[in-house]
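The primary structure of each chain is shown beneath.
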Amino acid sequence: MVLIDGKKISLELQAEIAAEVKTLVANGKKQPHLAAILVGDDPASQSYVNNKVKACLNVGFKSTLVQFEANISEQKLLSKIAELNADPDIDGYIVQLPLPRHISEQKIIESISPAKDVDGFHPINVGRLVLNLPTYVSATPYGIVELLKRYNIPTEGKHCVVIGRSNIVGSPMSILMAKNTNLANCTVTLCHSKTKDLKYHTLQADIVIAAIGRPNFVTADMIKEGAVVIDVGINRIDDDTAPKGFKLVGDVKFDEVSKKAGFITPVPGGVGPMTATTPGLSN
Ligand code: NDP
């Protein structure tokens, strides 16, 4: 079994981007500037955004963090977005999700200029992804394709089963894996909560990508010997022995599945670090 080290790959990727930025700036081009909007004080969101800001610093991007209290009005958030859309110094930005319930996420996503939508959530960018046109691709699926590529994992003609069909992970993941490119070309099955006999599907998979949000859901009996297992899930479970009283686990029961898999991502240290690195990269 090969452990896919997302932390190592994300640092390699950052070093490569840093070299590109250095060349850009040396040639008199503008230093890329990424911004992030964080609403409220959800610890997980704060941690994601902090990691993205850190990644910006590592690659030599300018970064701006815009923070609002959870009770900010939708109108005020829309005004800030309009400001970022119009600011020529901002090349791209993210609005960290989820947003408080009184704010429509869809309205916010649709107000982001597609040209600055580095998360690739705007309907125009999702449409471009489906049509195989150059676009920003949602960070987590992009990071996963990059992991497969850097571990030289063959994908062409393979059967990839994606579990989960969210707009930010599962759906774009299934589209990317089915693309007619040498980094994909898989036959894709997209499973979700209404899928009948999930195990029937996963047992046929050469590559399983789990993006469900349920701790230890994928067990060894669901996985074919030697399969590639990508665990997107980040779930907090109580752990009295941990300093914070909880630990992070994935959607895959790592201890048993790792004995059967050919390649597997750990949680933490697998997909997560890639997600912090890939916003702003386009296909
Ligand atoms: P969502 O809750 O938006 O989507 C979960 C998906 O899983 C849904 O499509 C749902 O089906 C499906 N699902 C739920 N239960 C089952 C089941 N019993 N069998 C089959 N499918 C099921 O989650 P996200 O996609 O946003 O996130 C998934 C996980 O990934 C979370 O743990 C999240 O924290 C993590 N995550 C990790 C990132 C990283 O960088 N590592 C980045 C983003 C997310 P249905 O559509 O029918 O409801």
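For every chain, the first residue of the written sequence is number 1, and numbering continues from 1 onward in sequence order. Confidence filtering applies because this is a predicted model: local features only for residues at pLDDT of at least 70, side-chain atom pairs given and counted only at 80 or more, and all residues used for totals across whole chains, interfaces and linings. Working from all heavy atoms in the structure, the side-chain values ignore hydrogens and water.

1. So, unusual backbone geometry
In this structure, the amide linkage connecting Leu97 to the following residue, Pro98, adopts the cis form with an omega of 0 degrees. In this chain, Val267 is followed by Pro268 through a cis amide linkage whose omega measures -5 degrees. Topologically, Pro268 is positioned in the loop between strand 11 (263-264) and helix 10 (271-277). A positive phi angle, near 60 degrees, is found at Asn185, a position not held by glycine. Secondary structure elements follow DSSP: runs of H or I no shorter than four residues count as helices, runs of E no shorter than two count as strands, and numbering proceeds from the N terminus. Mapped onto the elements of the fold, Asn185 is located in the loop between helix 7 (170-178) and strand 6 (187-191).

2. Observations regarding the site of the ligand
Taken together, 21 residues lie around the ligand, and Arg165, Ser166, Ser193, Val232 and Thr275 are the ones closest in. For the purposes of these results, a polar contact is taken to be a pair of N or O atoms within 3.5 Å, where, inside protein, one atom must be able to donate a hydrogen and its partner to accept one; residues adjacent in sequence count only when each atom of the pair is a side-chain atom. Note that an oxygen atom of the ligand is positioned 2.6 Å from one of the side-chain N or O atoms of Ser166. Interatomic distance of 2.6 Å between a side-chain N/O atom of Thr275 and an oxygen atom of the ligand. Protein contacts shield 74% of the accessible area of the ligand, which totals 940 Å² for the unbound molecule. The greatest single-element share of the shell around the ligand, amounting to three residues, is contributed by helix 10. Put simply, Ala, Val, Leu, Ile, Met, Phe, Trp, Tyr, Cys and Pro go in the nonpolar bin, Asp, Glu, Lys and Arg in the charged bin, and everything else, Gly too, in the polar bin. Split by residue class, the shell around the ligand holds nine nonpolar, 10 polar and two charged. Any residue with a heavy atom positioned within 4 Å of a molecule or strand is treated as near that molecule or strand. Only the protein chains shown count as cover for residues, with accessible areas throughout obtained via the Shrake-Rupley method and a probe of 1.4 Å.

3. Structural notes on the side chain of Thr155
With respect to the element layout, Thr155 can be found in the loop between helix 6 (139-150) and strand 5 (159-163). A distance of 2.8 Å separates a polar atom in the side chain of Thr155 from the backbone oxygen of Ala184. In what follows, residue pairs with any heavy atoms lying within 4.5 Å of each other are defined as contacts. Not counting the four nearest positions on each side in its chain, Thr155 is found in contact with Leu148, Met177, Asn182, Leu183, Ala184, Asn185, Cys186 and Ile207.

4. Digging into the nonpolar core
Of all hydrophobic cores here, the largest spans 38 residues; its most connected members are Ile144, Met177, Ile209 and Ile230. The dominant element in this core, judged by the number of residues it contributes, is helix 6, at five residues. These domain limits were set by an automatic method or by a database of domain assignments. Viewed by domain, this core spans two of them, domain 1 (28-113) and domain 2 (139-272), each represented by three or more residues. With near-sequence residues (within four places) excluded, Ile209 lies in contact with Ile144, Cys160, Val161, Val162, Ile163, Met173, Met177, Ile230 and Val232. Listed in part, the 20 residues of the second largest apolar core include Ile37, Phe68, Leu77 and Ile108. The criterion is simple. A nonpolar core is a set of buried Ala, Val, Leu, Ile, Met, Phe, Trp, Tyr and Cys residues joined through side-chain atoms within 4.5 Å. Only protein chains enter the area calculation, which uses a 1.4 Å probe; residues under 20% of their type maximum are buried, those over 50% are exposed, and those in between are partly exposed.

5. Topic: the domain arrangement of the chain
For the chain, the assigned domains are domain 1 (28-113) and domain 2 (139-272). In this structure, domain 1 and domain 2 have C-alpha centres spaced 28 Å apart.

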